[in-house]
Amino acid sequence: MDKEELLLIDSLKERIDYLYANLKDNEIKEYKNNYPFAHINFSNFISEDLLKKINKHFPSPEQIKWRSFQNNLEIKLASQTRNDIPEFILKVLDEFNSEIFLNYLGKLTGIENLLPDFSYLGGGLHSIPKGGKLGIHTDFGYHNLNNQTVYRRVNFLLYLNFDWEDEYGGHLELWDSNTKTSAKKVLPLAGNVVIFNTDSDSFHGHPLPLNCPEDRQRRSLALYYYTKEKPNKQINNDTIFI
């Protein structure tokens, strides 16, 4: 990495320190009480300069060996392994797995002893082309981490899309598990972050095909956090679509 990139990583560390030191009681309350399930969303979560640099390094659909999903439920690309992720973006992801950020998430969500996954199974880089979609679903709930079964508890999604028009679609939708209807939509605009609990009630996705220009993709970074302790709420063995 060059000097500019190292400074941006340092600024991210400072930003994470600030988030932890300045986490507000009303944010904790909002997370717990938000409808349709525990979540919170932020805008401008990290700096514009950092977002631009992530985008500069973000691989195109042709640049790496993506895992490709092409079926009636999902049309998307996802990074396969840690080794597929460019060095700078990997450093950003690893900062979101740092001890101080885990402490921030634990305090925000009320879920203690969160564990990171540095392999980024199912997460890492997500890229969705024009016409792509992700059906409404709940996530897989188990993972083998260091030869131990752990339980998925929290999702962290960071969107990277500058000048993303509402008409392009791709809003993250959070659905009510009882009525099976959309309760909240979040535009995947650069700097927007959504953090939410992962369990059998946390239905989410973007079910309508993207209407963006051919040369655009809906880009995001995704991180998942786990605990050794099994949660009280039901979790899924695998991803379940509705």
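Above this text is the structure in question.
These remarks concern the structure in this document.

Definitions and cut-offs
- Residues numbered from 1 in each chain as written.
- Predicted model: local features only at pLDDT ≥ 70, side-chain atom pairs only at ≥ 80, totals over all residues.
- Heavy atoms only, no water.
- Phe/Tyr/Trp six-rings, centres within 6.5 Å; stacked < 30°, edge-to-face > 60°.
- Helix = DSSP H or I, 4+ residues; strand = E, 2+ residues; numbered from the N terminus.
- Buried < 20%, exposed > 50% of the residue type's maximum accessible area, 1.4 Å probe, protein only.
- Lys NZ or Arg CZ within 6 Å of the ring centre and 35° of its normal.
- Salt bridge = Lys/Arg side-chain N within 4 Å of Asp/Glu carboxyl O.
- Expected span 1.5 Å × (residues − 1).
- Arc of directions from axis to C-beta.
- Contact = heavy atoms within 4.5 Å.
- Polar contact = N/O pair within 3.5 Å; in protein donor to acceptor, adjacent residues only side chain to side chain.
- Core = buried A, V, L, I, M, F, W, Y, C linked by side-chain atoms within 4.5 Å.

**Considering the packing of aromatic side chains**
Under the defined criterion, the tally for this structure stands at 12 aromatic pairs. Look at Phe45 and Phe101: their rings are 6.5 Å apart centre to centre, the planes differ by 80°, and that puts the pair in the edge-to-face class. Of this pair, Phe45 sits in the loop between β1 (39–42) and α3 (48–57) while Phe101 sits in helix α5 (residues 99–109), and the two are 56 residues apart along the sequence. Taking relative accessible area as the criterion, Phe101 reaches 0% and is therefore assigned buried. Aromatic rings pair up to connect Phe42, Phe45, Phe96, Phe101, Tyr104 and Phe156 into one cluster. Above the face of the Tyr20 ring, Lys107 is positioned so that its terminal group lies 5.7 Å from the ring centre. Directly above the ring of Phe140 sits Arg152, whose terminal nitrogen or CZ lies 4.3 Å from the centroid.

**Here's the deal with the pattern of salt bridges**
Taken as a whole, this structure holds six salt bridges when the rule is applied. For Glu95, the salt bridge is made with Lys91, and the minimal N-O distance between the two is 3.6 Å. With a gap of four residues between them, Glu95 and Lys91 both fall in helix α4 (residues 87–95), about one helical turn apart.

**A look at helix α1 (residues 3–21)**
Helix length check: α1 (19 residues) gives 27 Å between terminal C-alpha atoms against 27 Å at 1.5 Å per residue, within 8%. Taken as a whole, α1 has its buried residues at Glu5, Leu8, Ile9, Leu12, Ile16 and Leu19. All buried residues of α1 lie within an arc of 100° about the axis, which places them on one face of the element. Projecting away from the buried face of α1 at angles above 90 degrees are the exposed residues Lys3, Leu7, Glu14 and Ala21. Here the buried face of α1 lies against α3, α4 and α5. Sitting at the head of α1, Asp2 places a side-chain oxygen 3.2 Å from the backbone nitrogen of Glu4.

**Overview of the nonpolar core**
If you look at the biggest cluster of nonpolar residues, it comprises 45 residues, and the most contacted ones within it are Phe45, Phe96, Phe156, Ile195, Leu221 and Tyr225. Only α1, β1, α3, α4, α5, β7 (148–159), β10 (193–197) and β12 (217–227) provide two or more residues apiece to this core. Residue contacts for Phe96: discarding those within four places in its chain leaves Leu12, Ile16, Phe45, Ile46, Phe101, Phe156, Leu158, Leu223 and Tyr225. Core analysis: the second largest hydrophobic core is formed by 14 residues, Phe37, Phe140, Leu157 and Leu174 among them.

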